[in-house]
Amino acid sequence: MPGEPGTTEVSGKFQARILALVVRIPPGRVMTYGQLALLAGRPGAARQAGHVMNGLMGGQDGAGAEVPWQRVINAQGRVSTHKLGFGDLQERLLSAEGIPFDASGRCDLVARQWWPEEDRDAPPEAPF
C-alpha cells in the first residue's frame, strides 16, 4: 500500500527534507537511513530514505546541488551500496574524511553518528 514504511514511494516533501538533512552532515560524520527518515518526519521509513539516496546521480540532487551521499550508512554502521556497485567508493570517500572501518566493514556509530543540535530532543513532524 502506498506510503507504508515497506514501500519505496516518496513524496516531494519527504525527499526535500532528506536532502536538506544530508547536505548538513559535516565531513567525518554519518547519519543512518532510519535516522534520516525519523528526522524527516517518517519514522520507520528507512527504505524510502534509501530510495531518495539511490536517486542521487553523481552526488547531486535534481537541481545540481552537491549532496554528500557517502555520509549516509545503515544502522549497523556499514555502507549499503556494495550491491549497487559503489560500496568500495563510498568506503574510500568516508575513509578520506577520517572515518575508519573495522575488519568487518563497520564504522563506530557511537563516535561518528551526527545529530543536528536542534533535532536532538524534538519529536518528528507528523507523517504527511
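Look up a bit, the structure's there.
Residues numbered from 1 in each chain as written. Predicted model: local features only at pLDDT ≥ 70, side-chain atom pairs only at ≥ 80, totals over all residues. Heavy atoms only, no water.

### Here we look at the pattern of salt bridges
Inference 1: Under the counting rule described, the total for this entry stands at one salt bridge.
Inference 2: Two residues, Arg-71 and Glu-97, come together in a salt bridge whose shortest N-O distance is 2.9 Å. Within this pair, whereas Arg-71 is found in the loop between helix 3 (46–54) and strand 2 (72–73), its partner Glu-97 is found in the loop between helix 4 (87–96) and helix 5 (109–112), the two being separated by 26 residues in sequence. (Salt bridge = Lys/Arg side-chain N within 4 Å of Asp/Glu carboxyl O. Helix = DSSP H or I, 4+ residues; strand = E, 2+ residues; numbered from the N terminus.)

### Considerations on the packing of helix 1 (residues 12–22) against helix 3
Inference 1: Taken N-terminus to C-terminus, the directions of helix 1 and helix 3 make an angle of 75°; their axes are 10 Å apart at the nearest point. Considering the angle they form, helix 1 stands roughly perpendicular to helix 3. Across the interface between the two elements, Phe-14, Gln-15, Ile-18, Leu-19 and Val-22 of helix 1 pack against Gln-48, Ala-49, Val-52 and Met-53 of helix 3.
Inference 2: Its residues placed into classes, the contact of helix 1 with helix 3 shows seven nonpolar, two polar and no charged. (Axes fitted to C-alpha atoms, helices over the stretch in contact; angles between N-to-C directions. Parallel < 35°, antiparallel > 145°, perpendicular 65-115°, else oblique. Contact = heavy atoms within 4.5 Å. Nonpolar A, V, L, I, M, F, W, Y, C, P; charged D, E, K, R; others polar.)

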